[in-house]
Amino acid sequence: MISFDRRDSGFWYLSARAPEAVEGRGKPGQPLADAEHYEIETTFDGREILGRTTITLTPLVDGIRVLPVNIFRKLTVHSAVLEDDRPIELGVIQEELEQGWVAQWSDEGADADAAIVFPEPLVRGSSVRVRIGYEGRDVLEGRSGSYSVRARESWYPNLGTFSDLATYEMTFRFPRRDQLVAVGTQVREETDGNQTVAVWRSDTPIRVAGFNYGRFERLSRTDEDTGLEFNVYTNPRELGGARVEDTMADAQNASRVATVFFGPAPYTQLSVTQQVEWNFGQSWPSLVFLPTSAVSSAIALSPDASPGLREFTKTVGWHEMAHQWWGHLVGWASYRDQWLSEGFAEFTAGLMLEFTEGPEEYDAFWDRRRSEILDRGRYVANHEAGAMTQGFRLGTRRSAGAARAMIYAKGGYVVHMLRMMMRADGQPNPDEAFQAMMHDFTSNWAGRSPSTDDFQAVAERHMSPAMDLAGDGTLDYFFEQWIRGTDIPTLSSTLEVTDLGDGRYRISGNVSQEDVSEGFRTLVPIYLDFGDNVVKFGAVALSGPTSQALNGQFPLPRSPRRVLVNAMHDVLAR
Ligand SMILES: [Zn+2]
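Being a predicted model, the structure only gives us computed values, none of them experimental. (Residues numbered from 1 in each chain as written. Predicted model: local features only at pLDDT ≥ 70, side-chain atom pairs only at ≥ 80, totals over all residues. Heavy atoms only, no water.)

Right, let's get into the sheet that holds strand E3 (residues 33-45). Sheets are built from strands that pair by backbone hydrogen bonding, the pairs being arranged parallel or antiparallel. Within the open sheet, the 8 strands sit side by side as E7-E6-E10-E4-E3-E13-E16-E15. Their pairing is mixed. At either margin of the open sheet sits one strand with a lone partner, and together these are strand E7 (88-89) and strand E15 (185-192). As judged from the 9 bridges shared by strand E13 (residues 166-175) and strand E16 (residues 195-206), these two strands associate in the antiparallel manner. Across the sheet, residue phenylalanine 172 finds its bridge partner in E16, namely alanine 198. (Pairing = 2+ DSSP bridges. Helix = DSSP H or I, 4+ residues; strand = E, 2+ residues; numbered from the N terminus.)

Rendered as structure tokens:
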């Protein structure tokens, strides 16, 4: 670790040495055990949770005696048992939760780490079942009729979420007046006095389990196109009423477009639920949480809402639906690859605008992402803060918006650039090659967590000859420039069209690229503007800061008004 800049607490940098990173020593540690199945029993009593989770796990290394588990710091583990012919009591290591009013109001206190201690070392490869009992207060938060779990990934003890897939069976006991929606499908629900007992199950291995809980109304529908069953849960007491039909339509439309572009949905049933939080959404396997701002008519349809809020409420549902493919079906290897989830989801939201509101809105979406990428805060422009592969490390006090702008906006833009390069205008399905690439990616990486290199390998299987700008048959140049690099070109053109008579036209002038390093390769698309229609005419390959002269005669069906470059935001440019 090195530190320089004595002002503002210094400027810190920590990195693995290059040879270690190449050897793989700079990568995240390997898990000790693989959790295969979770049986989670949860009882809600006010804001208190009583729980018992049985984990079926297989040790991946020999000799484990102490097994770390993640569990929310407000949940105290009171017992752990190794299930056997004769159950064996296990030791528990957990920092004691601080009591008193300070602990109640602060997020400090015991951390999320606990560990189970076995009397004998576990044997690699032989499965065991461990039952863990726990309870805690202040685990749920929210107002009456609408709650959420404060610890979204550790409300049950687990060996790691997102990278370790497992099957789940969840039993919930909660007050009869409320409703609970969990991941997977509901297999049973019955009332027992004032309580509801509901059993949910996922036989498909999933990356994480979650649920939403509150007083909801449900709308159910089966989509004829995809065969998917949708359940939309909203809170009818919402200000101005809930946009129930709009929410249902958003979910169905997103699944149709994603099925065509990316492949079948990973689940047969999808629940969309309103959550307490008003300014962010979240995606769980087969379960989407929508922010209240997107569900409430009072906000989403208000003429007083800012353009940013309007875009957010319009696109957040599509973005979260897209995570069923990007994040849950196909994961991501490390924080360096998170654009494969967030960027791909953001791309999908843009694509949805094309199919619901037309190509102009798709184009306008990328213009707004471009502004976001180039936005300069007080200190440093987002795109200059660092490369996309630095992930959330880009977010510092000096570059507060950079991480989001790179992972979401630039990540999505990169997918859009691939789409535009692969597009075959005039064909019955101009996106055929792009769709084939995305289907290839989902079918090869379903249930796994690819890296950026893995996606590049898939993209190279589908690249067109025109995309081979470096002439080496790879997309090394593209991924180096756009994902591991920070350059963004300025493109300009002096191209003009001259009518030569007899339906022939001369197109001449220069196409230029500036503000990039030597060897920065760009395929600059050229468009003809016919007034009522803008049509792609061709493309010119540029390398580094350069200006290329073009001069040619072409037969055209009618007279173009002007010649444009990069008219559909095909290339991210200043
Ligand atoms: Zn997201």
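Another point: the coordination of the zinc ion. The zinc ion binds to the protein through His319 (NE2), His323 (NE2) and Glu342 (OE), with metal-donor distances spanning 2.0 to 2.1 Å. Donor residues binding the zinc ion come from one chain and are separated in sequence as H-x3-H-x18-E. One end of the pair, histidine 319, is in helix H6 (residues 307-322); the other, glutamate 342, is in helix H7 (residues 339-357), and 23 residues separate them in sequence. Across this residue pair, the class does not change: histidine 319 and glutamate 342 are buried. (Donors = N, O, S within 2.8 Å, 3.2 Å for Na, K, Ca; no water. Buried < 20%, exposed > 50% of the residue type's maximum accessible area, 1.4 Å probe, protein only.)

Time to look at empty space enclosed by the protein. With the rule as written, the count across this model stands at 4 cavities of 30 Å³ or more. Put simply, the largest cavity is a space of about 80 Å³. Taken together, Arg243, Thr247, Asp250, Ala251, Val272, Val288, Leu290, Ala294, Thr313, Gly317 and Met321 form the lining of the largest cavity. Counting residues per element, the ones that place at least two in the lining of the largest cavity are helix H3 (244-262), strand E22 (287-290) and H6. Split by residue class, the lining of the largest cavity holds 6 nonpolar, 3 polar and 2 charged. (1 Å grid on protein atoms, 1.4 Å probe; cavity = no way out; pocket = protein on both sides within 12 Å on 5 of 7 lines; lining within 4 Å. Points joined across faces, edges and corners; volume = space filled by probe spheres on them. Nonpolar A, V, L, I, M, F, W, Y, C, P; charged D, E, K, R; others polar.)

According to the domain assignment, the protein consists of domain 1 (33-213), domain 2 (216-321), domain 3 (335-482) and domain 4 (490-565). Tallying the contact residues gives 22 residues for domain 1 and 19 residues for domain 2. Buried area between domain 1 and domain 2, both sides added, is near 1,800 Å², and the carbon and sulfur share of it is 56%. Along the contact surface separating domain 1 from domain 2 lie 0 salt bridges. Our enumeration of links across domain 1 and domain 2 arrives at 4 residue pairs in polar contact (both at pLDDT 80 or more). Elements with a minimum of two residues in the side of domain 1 that touches domain 2: strand E11 (140-143), strand E12 (146-149), strand E14 (179-182) and strand E17 (211-214). Along the lines of polarity and charge, the residues of the side of domain 1 that touches domain 2 split into 9 nonpolar, 9 polar and 4 charged. (Domains from an automatic or database assignment. Contact = heavy atoms within 4.5 Å. Buried area = accessible area lost by both parts, 1.4 Å probe. Salt bridge = Lys/Arg side-chain N within 4 Å of Asp/Glu carboxyl O. Polar contact = N/O pair within 3.5 Å; in protein donor to acceptor, adjacent residues only side chain to side chain.)

If you look at the biggest cluster of nonpolar residues, it comprises 145 residues, and the most contacted ones within it are Phe172, Trp339, Phe455 and Phe478. Broken down by element, the residue count for this core peaks at 14 residues, all from helix H9 (residues 402-422). Excluding its chain neighbours within four sequence positions, the residues that come into contact with phenylalanine 478 are Val414, Met417, Leu418, Met421 and Ile483. (Core = buried A, V, L, I, M, F, W, Y, C linked by side-chain atoms within 4.5 Å.)

Now for helix H8 (residues 359-374). Relative to the 22 Å expected for 16 residues at 1.5 Å per residue, H8 spans 23 Å between its end C-alpha atoms, a close match to the ideal helical length. Among all positions of H8, only Tyr362, Asp363, Phe365, Trp366, Arg369 and Ile373 are buried. Within H8, the buried residues cover an arc of 150 degrees as seen down the axis, which keeps them to one side. Buried residues belonging to H8 abut H6, H7 and H9. (Expected span 1.5 Å × (residues − 1). Arc of directions from axis to C-beta.)

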